[in-house]
Amino acid sequence: MDVVILIKQVPEIALIKVDETANEVVLPQGPGTVNPFDEFAVEEGLRLKEKHGGKCIVMSVGTDRTESALRNCLALGVDEAYLLSDEAFNGSDPQATGKILTAGLKKLATYDLVLAGKQAIDSDSAQVPGAVAAGLDIPQAMFVKKIESVADSKAVVYRTTEDGFDVVELNLPAVISVVKEINEPRLPSLKGKMAAKKKQITKWSASDLGLDGNEIGANSGTKTTKVAPPPPRPKGEIIEGDTPEEVADKLFSKLRDNQVI
Ligand SMILES: Cc1cc2nc3c(=O)[nH]c(=O)nc-3n(C[C@H](O)[C@H](O)[C@H](O)COP(=O)(O)OP(=O)(O)OC[C@H]3O[C@@H](n4cnc5c(N)ncnc54)[C@H](O)[C@@H]3O)c2cc1C
């Protein structure tokens, strides 16, 4: 069973700044890290490989800096890494990113399951896995907290909902995005880290993928018209009183006056 995991390299969130004058988000220049939700997807892919055999592959749309994120996955026991990278990809919105990954998966051709994180912590759109499933025209289940079984070209998964979960059966190949409840990711061993340094990362450009720039990069459908930092939080209010009952009464009155209760 061959599993492809879509991973995104994300910057360290605490270091992100907003430049309102230039209308852009200024990302830190450090090596970044694997999107935390994708670590759960990698762990699940490795567990499926350990149980069913086959290969575990990671794929990312990024730049040369993304290599470090891919090597972190190789250090965990992933077999192959693919970096989809080209100047023409700069400015791609989530749908365009989905289109690039779709082209990468089509070129790869053999996979039984595509795993992804539920969302990227820097852009939070949670669109890419669905866009990939649509592009490949295969089934999808998003926000999965358990893969119950994988057998006979079918997977049974627990999909998180607002009220609980649905049990869903999918024909394979399929795209599944995972939430953090699904597992506890392992840490890389020193041996794994050393081996990862020597492993090859396959790079595919726009022309390797047969992408002509239409609807990707600067030609994406989404245009960012304004960027602004979140408004500062309003000051909190401390409710004073001689007894807990008095404080509770004052709080109750305030909540009622403001029609909260
Ligand atoms: C107009 C516009 C221009 C942009 N320009 C740029 C740019 O120049 N450079 C840039 O880096 N970003 C750019 N972005 C942001 C970028 O498009 C998104 O970060 C990216 O498309 C993924 O969307 P997301 O982060 O919301 O992922 P989500 O949909 O929240 O991610 C869910 C899951 O999909 C998978 N996934 C997401 N992104 C990738 C990826 N790149 N590779 C592999 N798997 C992935 C992961 O498994 C992830 O957990 C731009 C966005 C917009 C709207």
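On a predicted model such as this, the values are computed, not experimentally measured, just so you know.

Asker: Tell me about the layout of surface pockets, and please be specific about residues and values.
Answerer: What the second largest pocket holds in volume is close to 230 Å³. Considering the residues around the second largest pocket, the lining is formed by 13 residues, among which Glu39, Asn72, Leu76, Arg186 and Pro188 are closest to the centre. Only strand S5 (33-34), helix H1 (36-52) and helix H2 (67-76) provide two or more residues apiece to the lining of the second largest pocket. The residue makeup of the lining of the second largest pocket, split by class, is eight nonpolar, two polar and three charged.

Asker: Can you lay out the site of the ligand for me, pointing to particular residues and giving the numbers?
Answerer: The environment of the ligand is made up of 29 residues, and the closest members are Lys8, Asp38, Ser92, Thr97 and Ser125. One of the side-chain N or O atoms of Lys8 is found 2.4 Å from an oxygen atom in the ligand. Between the ligand and the protein, one listed contact pairs an oxygen atom with a backbone N or O atom of Gly117 at 3.0 Å. When the ligand sits alone it has 930 Å² of accessible area, and the protein chains cover 79% of it. Secondary structure elements with two or more residues in the shell around the ligand: strand S6 (56-61), helix H3 (94-108), strand S8 (113-117) and helix H4 (128-136). Partitioned by chemical class, the residues of the shell around the ligand number eleven nonpolar, 13 polar and five charged.

Asker: Tell me about the nonpolar core, and name the residues and values.
Answerer: By size, the foremost hydrophobic cluster in this structure holds 37 residues, and its most contacted members are Ile5, Ile7, Val58, Leu115, Ile147, Val157 and Ile176. For Val157, the residues in contact, after removing those within four places along its chain, are Ala141, Val144, Lys146, Ile147, Glu148, Asp166, Val167, Val168, Leu170 and Ile176. Grouped together as the second largest cluster of nonpolar side chains are 27 residues, Leu84, Leu105, Met142 and Val175 included.

Asker: Help me get a handle on H1, residues and values and all.
Answerer: Spacing of three or four residues puts side chains on the same side of an α-helix, whose turn is 3.6 residues. In this model, H1 (17 residues) spans 25 Å end to end at C-alpha, consistent with the 24 Å of a helix rising 1.5 Å per residue. Of all the residues in H1, the buried ones are Phe37, Asp38, Phe40, Ala41, Val42, Glu43, Glu44, Gly45, Leu46 and Leu48. Immediately beyond the C-terminal end of H1, within one or two residues, lies Gly53, with a positive phi of roughly 80 degrees.

Asker: How would you explain the packing of H3 against H4 if you had to name every residue and give the values?
Answerer: It is at 8 Å that the axes of H3 and H4 come closest, and there the two elements cross at 50 degrees. By the angle class used here, H3 and H4 are oblique. Pair H3 / H4 crosses with right-handed handedness. Counting all contacts with H3, which are made through Pro94, Gln95, Thr97, Gly98, Leu101, Thr102, Leu105 and Lys106, the residues of H4 involved are Val128, Ala131, Val132, Gly135 and Leu136. The residue inventory of the contact of H3 with H4, partitioned by class, reads seven nonpolar, five polar and one charged.

Parameters and conventions
What you see as residue numbers is a count from 1 along each chain, following the sequence as written. Two thresholds apply to this predicted model, a pLDDT of at least 70 for residue-level local features and 80 or more for giving and counting side-chain atom pairs, whereas whole-chain, interface and lining totals are computed over all residues. Hydrogens and water molecules were not included; the side-chain quantities draw on all heavy atoms of the structure. Here a cavity is any set of points on a 1 Å grid over the protein atoms alone where a 1.4 Å probe fits but cannot get out, and a pocket is any open set with protein on both sides within 12 Å along at least 5 of 7 lines; a residue lines the site when it has an atom within 4 Å of a point. Grid points are joined across faces, edges and corners, and a volume is the space filled by probe spheres set on the points. Per the convention used, a helix needs a DSSP run of H or I reaching at least four residues, while a strand needs a run of E reaching at least two, with both numbered from the N terminus. Asp, Glu, Lys and Arg are counted as charged, while Ala, Val, Leu, Ile, Met, Phe, Trp, Tyr, Cys and Pro are counted as nonpolar; the rest, among them Gly, fall into the polar class. Put simply, a residue is near a molecule or strand once any heavy atom of it comes within 4 Å of that molecule or strand. Each polar contact in these results corresponds to two N or O atoms within 3.5 Å; when the atoms are within protein, one needs to be able to donate a hydrogen and the other to accept it, and residues that are neighboring in sequence are counted only if both atoms are side-chain atoms. Values of accessible area rely on a 1.4 Å probe in the Shrake-Rupley scheme; residue burial ignores everything except the protein chains shown. Think of a nonpolar core as a cluster: buried Ala, Val, Leu, Ile, Met, Phe, Trp, Tyr and Cys residues, connected wherever their side-chain atoms sit within 4.5 Å. A 1.4 Å probe rolled over the protein chains alone gives each residue an accessible area, and that area as a share of the maximum for its type sets the label: buried under 20%, exposed over 50%, partly exposed in between. Should any heavy atoms of two residues lie within 4.5 Å, those residues are considered in contact. To estimate the expected span of a helix, subtract one from its residue number and multiply by 1.5 Å. Whenever a helix is involved, its axis is fitted only over the stretch in contact; in every case the axis is a line through C-alpha atoms, and angles between N-to-C directions fall within 0 to 180 degrees. Roughly parallel covers angles under 35 degrees, roughly antiparallel covers those over 145, roughly perpendicular covers 65 to 115, and oblique covers all other angles. Handedness of each helix crossing follows the sense of rotation of the near helix against the far helix: counterclockwise by less than a right angle gives left-handed, clockwise gives right-handed.

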